[in-house]
Amino acid sequence: GAVVSQHPSRVICKSGTSVKIECRSLDFQATTMFWYRQFPKQSLMLMATSNEGSKATYEQGVEKDKFLINHASLTLSTLTVTSAHPEDSSFYICSAPSGWLTDTQYFGPGTRLTVL
Amino acid sequence: SQQGEEDPQALSIQEGENATMNCSYKTSINNLQWYRQNSGRGLVHLILIRSNEREKHSGRLRVTLDTSKKSSSLLITASRAADTASYFCATDRYTGTASKLTFGTGTRLQVML
């Protein structure tokens, strides 16, 4: 099946720094990708929809200036956590639809962000 | 929040037993999906059931859907230790280009040897 990768898998940074997380579709093109965050032992919460060639759309309550999303190609979306703080520590997961107008999604393995 | 509720939150069973997880949701849906997540990993799609379907099978998995009650259940038969994971239901919202998923709260399943 289709594969979605994320890089890095783990990152530890100091408070106030910015961290970029990459999400790649390895063997298919994705005009749309989704970014989620997940706190320990909790569910996934959709943060934003990344659209290739246009602005991302953010869910209510998600600061777009805090979480910058760039979808510059059909296989790559990046999420940059700007001026990270300890409360941004979380598990960030991306996903991409498995095909045009299909309902299932392929998920990346996730990125564990720890802000000290 | 449109997030669905799942119960139980945690389930511990012996290998070979069946595991049943339930999911309730709030809005009308096109389909409902079940995903599995191993600890600290991404999600793996298990099965999708459409709103006009009532039951679906895939290997040891059986999913039911009751749209009148806005609920679904996932049954794993003859469980194995390797089934230990968190299981999430997800409902979709079609955005025009792709379906957004809203996840339930999840059930943590532990299968003991």
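The following paragraphs examine the structure supplied in this document. (Residues numbered from 1 in each chain as written. Chains lettered and ligands numbered in written order. Predicted model: local features only at pLDDT ≥ 70, side-chain atom pairs only at ≥ 80, totals over all residues. Heavy atoms only, no water.)

**Looking at the overall build of chain A**
- Broken down by element type, chain A carries zero helices and 11 strands.
- Along chain A, from the amino end to the carboxyl end, the secondary structure elements read β-β-β-β-β-β-β-β-β-β-β.
- Expected size for 116 residues packed as a compact globule is a radius of gyration near 13 Å; at 13 Å, chain A falls within 12% of this value.
- Here chain A, with 116 residues, has 50% of them falling under the buried criterion.
- Here the analysis covers contacts within chain A between residues at least 6 apart in sequence; of these, 53% occur between residues at least 24 apart. (Helix = DSSP H or I, 4+ residues; strand = E, 2+ residues; numbered from the N terminus. Rg over C-alpha atoms; globule rule 2.2 N^0.38 Å. Buried < 20%, exposed > 50% of the residue type's maximum accessible area, 1.4 Å probe, protein only. Contact = heavy atoms within 4.5 Å.)

**So, the state of the cysteines**
- All told, the structure shown has two disulfides over all chains when counted by the stated rule.
- Through a disulfide, Cys 23 of chain A is tied to Cys 94 of chain A; the S-S separation comes to 2.0 Å. Linking Cys 23 of chain A and Cys 94 of chain A, the disulfide has an S-S dihedral of approximately 85 degrees and is accordingly described as right-handed. One end of the pair, Cys 23 of chain A, is in strand β3 (residues 19–25); the other, Cys 94 of chain A, is in strand β9 (residues 90–97), and 71 residues separate them in sequence. Both residues of the pair, Cys 23 of chain A and Cys 94 of chain A, count as buried.
- Two residues, Cys 23 of chain B and Cys 89 of chain B, share a disulfide whose sulfurs are 2.0 Å apart. The S-S bond linking Cys 23 of chain B to Cys 89 of chain B shows a torsion near 70 degrees; that makes this disulfide right-handed. Taken together, the positions of Cys 23 of chain B in strand β3 (residues 19–24) and Cys 89 of chain B in strand β9 (residues 85–94) put the pair 66 residues apart, joining distant regions of the chain. In terms of burial, Cys 23 of chain B and Cys 89 of chain B fall into one category: buried.
- Cys 13 of chain A carries a free sulfur, and the closest cysteine sulfur to it, the one in Cys 94 of chain A, is 18 Å from it. (Disulfide = S-S within 2.5 Å.)

**A closer look at the sheet that holds β3 of chain A**
Residues and elements named next belong to chain A.
- The strand order across the open sheet formed by four strands is β1-β3-β8-β7, and the pairing between neighbours is antiparallel. Both outer strands of the open sheet, β1 (4–7) and β7 (67–73), are each paired with one neighbouring strand and no more. The sheet shows a mean angle of 20 degrees between the axes of neighbouring strands, direction not considered.
- Pairing geometry for β3 and strand β8 (residues 76–81), over six bridges, is antiparallel. Counterpart to Val 19 in the pairing with β8 is Val 81. (Pairing = 2+ DSSP bridges. Axes fitted to C-alpha atoms, helices over the stretch in contact; angles between N-to-C directions.)

**Looking at the interface of chain B and chain A**
- Counting residues at the interface gives 25 residues for chain B and 24 residues for chain A.
- Viewed at the interface, chain A and chain B are joined by one salt bridge.
- With a closest N to O distance of 2.6 Å, Glu 59 of chain A and Lys 100 of chain B form a salt bridge.
- Where chain B meets chain A, there are five residue pairs in polar contact (both at pLDDT 80 or more).
- Residue assignment for the side of chain B that touches chain A shows that the elements contributing at least two residues are β4 (31–37), β5 (43–50), β9 and β10 (99–103) of chain B.
- In terms of residue class, the side of chain B that touches chain A is built from eight nonpolar, 12 polar and five charged. (Salt bridge = Lys/Arg side-chain N within 4 Å of Asp/Glu carboxyl O. Polar contact = N/O pair within 3.5 Å; in protein donor to acceptor, adjacent residues only side chain to side chain. Nonpolar A, V, L, I, M, F, W, Y, C, P; charged D, E, K, R; others polar.)

**Topic: unusual backbone geometry**
- A cis amide bond links His 7 of chain A to the next residue, Pro 8 of chain A, at an omega of 0 degrees.
- Relative to the helices and strands, Pro 8 of chain A resides in the loop between β1 and β2 (10–13).
- Each neighbour pair has its own omega, and for Asp 7 of chain B with Pro 8 of chain B the value is -5 degrees, a cis peptide bond.
- Note on placement: Pro 8 of chain B falls in the loop between β1 (5–7) and β2 (10–14).
- Unusually for a residue other than glycine, Lys 41 of chain A sits at a positive phi of about 60 degrees.
- Within the fold, Lys 41 of chain A resides in the loop between β4 (32–38) and β5 (44–51).
- When its relative accessible area of 70% is taken as the criterion, Lys 41 of chain A is described as exposed.
- Even without being a glycine, Ser 83 of chain A presents a positive backbone phi close to 45 degrees.
- The residue Ser 83 of chain A is located in the loop between β8 and β9 in this model.

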